[in-house]
Amino acid sequence: MNNHATPAERRVRVNLGDRSYDILIGPGLIAAAGREIASRLKGRRMAVITDENVAPRYLEPLMASLKESGIDAVSLILPAGEKTKSFEQLIPVCDAILAARIERNDAVIALGGGVIGDLTGFAAGIVRRGSRFIQIPTSLLAQVDSSVGGKTGINSPHGKNLIGVFHQPDLVLADTDVLDTLSPREFRAGYAEVAKYGLIDKPEFFDWLERNWQAVFSGGAARIEAIAVSCQAKADVVAADERENGLRALLNLGHTFGHALEAATEYDSRRLVHGEGVAIGMVLAHQFSARMNLASPDDARRVEAHLAAVGLPTLMADIPGDLPPAERLMEAIAQDKKVKGGKLTFILTRGIGQSFVADDVPASEVLGFLKEKHPR
């Protein structure tokens, strides 16, 4: 714990040698951001990138905190939504960083959810061949997943997150107070990523979530605990496999199906947001594993029951509007995971908390499964 930590604050260390960094989790961290940043970075110029939803609530307190610690900062406010993760919005972000004259010891700050974090991180990774970068995630999904681990990027018409770089942050400040202002839908979407860590390899954590999810939603100690366990789980995986050569692929549980569904809805957040796609994807991954006789159908039913209990969609039929045919979904999956000799790489499971990388999944089996589960 750092010297300024409050009793409620947790610290998780991402161990990457000389690129190691802290994730601080707890209340009041936006107000403390200037102090935490100044204690770690020598630079005194920052460029803050945020969006039109987050800026009215949190930009002014952040800028005041930076100023109080002697940091000169400029800001750029972007449109909100998944469609901001684009080449169109990457250009003004890069220009803002350059205009701010960010130097080697200075930093770019992402203040927002996963979209802002991914886009800003990508810009920080390519401007001047790499700038220092700080994540201040304002959604539950970003706090437990996208802000940690250095994956940055933008979307393409060909699929989600296909253009980007690995660029680790220098610090992550997960202010749990901001989660109280999320809509119930946004919080539930982030919770899908929390549940994912239990389903990957922590069955006892999934058990705990089944018993305590209402307390996590209510806030307080249970929420901080769930975020800290999730961040520690991701930090451990990232430290062991930073660039997804093996173990880190497990973090994609549910994402192959989920990304295909997001592409099918053209990233329209009115129909589907990322965490909802992951929730449906995790149910599909467990159902497909049962279909392949790898896991019990009871486990798939248990996953579906828990995610449904918290209010998340669990079926393709839960997505408003029409979906393209199964063949079109397969095209998105093939782009996401690359077909090799008619075989796909998927994250499958042998049960709750027993996920594994399967690199020999027949594409024909996946297509048949999608046809079976398609709502038409």
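Source: prediction; values computed, not measured.

Draft legend 1. Broad picture of the packing of helix 6 (residues 184-201) against helix 8 (residues 221-240). Two elements in contact, helix 6 and helix 8, have axes separated by 9 Å at closest approach and are oriented at 55 degrees. Relative to helix 8, the element helix 6 is oriented oblique. Here helix 6 runs over helix 8; the crossing is left-handed. Contacts between helix 6 and helix 8 pair Phe187, Val194 and Tyr197 from the former with Arg223, Ala226, Ser230, Ala233 and Lys234 from the latter.

Draft legend 2. Region of interest: the sheet that holds strand 3 (residues 45-51). Here we have seven strands laid out as an open sheet, ordered 1-2-9-6-5-3-4, and mixed in their pairing. In this open sheet, the two strands that pair with only one neighbour each are strand 1 (10-14) and strand 4 (72-78). Ignoring strand direction, the axes of neighbouring strands in this sheet form an average angle of 15 degrees. Pairing of strand 1 with strand 2 (residues 21-26), which is carried by five bridges, proceeds in the antiparallel orientation. The partner of arginine 11 across the bridge, within strand 2, is leucine 24.

Draft legend 3. Broad picture of unusual backbone geometry. Phi is positive for arginine 128, close to 55 degrees, though the residue is something other than glycine. You can call arginine 128 exposed: its relative accessible area is 51%. Within the chain, glutamate 244 stands out as a residue other than glycine whose phi angle is a positive 55 degrees. Residue glutamate 244 is classed as partly exposed on the basis of its relative accessible area, which comes to 27%.

Draft legend 4. Spatial organisation of the pattern of salt bridges. Scanning all chains against the criterion turns up 28 salt bridges. Of the charged contacts, one joins aspartate 22 and arginine 11 as a salt bridge, the two residues approaching to 2.8 Å between their closest N and O atoms. Linking aspartate 22 in strand 2 with arginine 11 in strand 1, this pair joins segments that are eleven residues apart in sequence. Judged by its relative accessible area of 7%, aspartate 22 is buried. Judged by relative accessible area, arginine 11 falls into the partly exposed class, the value being 38%. Ionic pairing is found between arginine 291 and glutamate 372, a salt bridge with its closest N-O pair at 2.5 Å. With arginine 291 in helix 10 (residues 274-291) and glutamate 372 in helix 13 (residues 363-373), this residue pair connects regions lying 81 residues apart in the sequence. We classify arginine 291 as partly exposed; its relative accessible area is 32%. Through salt bridges with shared partners, a single ionic network connects Arg11, Arg13, Asp22, Arg35, Glu36 and Arg40.

Draft legend 5. A look at the packing of helix 7 (residues 203-218) against helix 8. Between helix 7 and helix 8, the shortest axis-to-axis distance is 8 Å and the interhelical angle comes to 135 degrees. Between helix 7 and helix 8, the crossing angle belongs to the class labelled oblique. Where helix 7 crosses over helix 8, the two elements pack in a sense that is left-handed. Contacts from Phe205, Trp208, Ala215, Val216, Phe217 and Ser218 in helix 7 reach Ala222, Arg223, Glu225, Ala226, Val229 and Ser230 in helix 8. When its residues are assigned to classes, the contact of helix 7 with helix 8 shows eight nonpolar, two polar and two charged.

Draft legend 6. Region of the structure containing the UniProt feature "binding site: Zn(2+)" (unreviewed entry) in the protein. In this structure's numbering, the residues bearing the UniProt feature "binding site: Zn(2+)" (unreviewed entry) are Glu193, His255 and His274. Separation in sequence by 82 residues is not matched in space for these annotated residues, since their most distant C-alpha atoms are only 10.2 Å apart. Note that glutamate 193 resides in helix 6. Given the relative accessible area of 0%, glutamate 193 is considered buried. Among residues more than four places away in sequence, those in contact with glutamate 193 are Leu141, Val144, Asp145, His255, His274 and Val278. The exposure class assigned to histidine 255 is buried, which follows from its relative accessible area of 6%.

Parameters at a glance
Numbering of residues begins from 1 in every chain and follows the order in which that chain's sequence is written. In keeping with the predicted nature of the model, local features appear solely for residues at pLDDT of at least 70, side-chain atom pairs appear and are counted solely at 80 or more, and the whole-chain, interface and lining totals rest on all residues. Remark: hydrogens and water are excluded; side-chain values derive from all non-hydrogen atoms of the structure. Axis definition: a line fit to C-alpha positions, over the contact stretch in the case of helices; interaxial angles, taken between N-to-C directions, run 0 to 180 degrees. By the criteria applied, helices consist of DSSP H or I runs no shorter than four residues and strands consist of E runs no shorter than two, each listed in order from the N terminus. Just so you know how the angles are binned, under 35 degrees is roughly parallel, over 145 roughly antiparallel, 65 to 115 roughly perpendicular, and the rest oblique. It is the rotation of the near helix from the far one that decides the hand of a crossing: anticlockwise by less than a right angle makes it left-handed, clockwise makes it right-handed. Contacts are residue-level and defined by heavy atoms, with any inter-residue pair within 4.5 Å sufficient. Note on pairing: DSSP must find at least two bridges between two strands before they are called paired. Think of it in three bands: residues with accessible area under 20% of the maximum for their type are buried, residues over 50% are exposed, and the middle band is partly exposed, with areas taken using a 1.4 Å probe on protein chains only. What counts as a salt bridge is simple: a side-chain nitrogen of Lys or Arg found within 4 Å of a carboxyl oxygen of Asp or Glu. Note on residue categories: nonpolar means Ala, Val, Leu, Ile, Met, Phe, Trp, Tyr, Cys or Pro, charged means Asp, Glu, Lys or Arg, and polar means any other residue, Gly included. UniProt positions are given in the numbering used here, feature names are shortened, and annotations may be inferred rather than shown by experiment.

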